[in-house]
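A closer look at the structure
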Amino acid sequence: QQKVLAFGRGQLGGRWTLQGMLEESPMLVQLELEESGDFCSVGEESMKLAGRWGVYREEEATGAQQHKGTHLWLWVRRSLCW
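Summarised in this report is the structure supplied together with it. Note that the coordinates shown come from a computational prediction; the quantities given were computed from them, not determined experimentally. (Residues numbered from 1 in each chain as written. Predicted model: local features only at pLDDT ≥ 70, side-chain atom pairs only at ≥ 80, totals over all residues. Heavy atoms only, no water.)

1. A look at the nonpolar core
Formed by Leu12, Met27, Val29, Leu31, Leu33, Phe39, Met47, Leu49, Trp53 and Val55, the largest nonpolar core amounts to 10 residues. Breaking this core down by element, the ones donating at least two residues are strand 3 (25–33) and strand 5 (50–56). At 4 residues, strand 3 tops the list of elements feeding residues into this core. (Core = buried A, V, L, I, M, F, W, Y, C linked by side-chain atoms within 4.5 Å. Buried < 20%, exposed > 50% of the residue type's maximum accessible area, 1.4 Å probe, protein only. Helix = DSSP H or I, 4+ residues; strand = E, 2+ residues; numbered from the N terminus.)

See below:
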């Protein structure tokens with residue numbers, strides 16, 4: 001059986017770069033992932049993203065909080081963004 005690396009929030013907290021598309025334009029956003037599960041964008045005055053984050057294992061995706069995982073999820077809270 002192949003061993004799969006899994007990471008906990010404490011191992012992934014810190015600053016990360018999110019690459020994506022917004023209204024057909026590429027964007028790069030610096031995110032600060034806090035060990036508490038909160039995140040917010042940093043360094044960009046014209047746009048703010050914020051919400052919650054966590055980890056999960058694809059084969060165990062149940063909606064419940066998982067302490068270690070192979071994938072990262074972001075829940076963007078519209079009320080915290082501009």
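2. Here we look at the sheet that holds strand 5
Spatial strand order, 2-3-4-5-7: 5 strands in an open sheet with antiparallel pairing. At either margin of the open sheet sits one strand with a lone partner, and together these are strand 2 (14–22) and strand 7 (71–76). Direction aside, the axes of adjacent strands within the sheet are offset by 40 degrees on average. Taken together, the 4 bridges between strand 3 and strand 4 (residues 38–42) define a ladder with antiparallel strand orientation. Directly across from leucine 33, in strand 4, lies its bridge partner phenylalanine 39. (Pairing = 2+ DSSP bridges. Axes fitted to C-alpha atoms, helices over the stretch in contact; angles between N-to-C directions.)

3. Brief notes about the pairing of strand 3
Looking at chain direction, strand 2 and strand 3 are connected through 9 bridges and run antiparallel. In the strand pairing of strand 3, glycine 14 is matched with leucine 33. What sits between strand 2 and strand 3 in their antiparallel hairpin is a turn of 2 residues, with glutamate 23 showing a positive phi close to 50 degrees.

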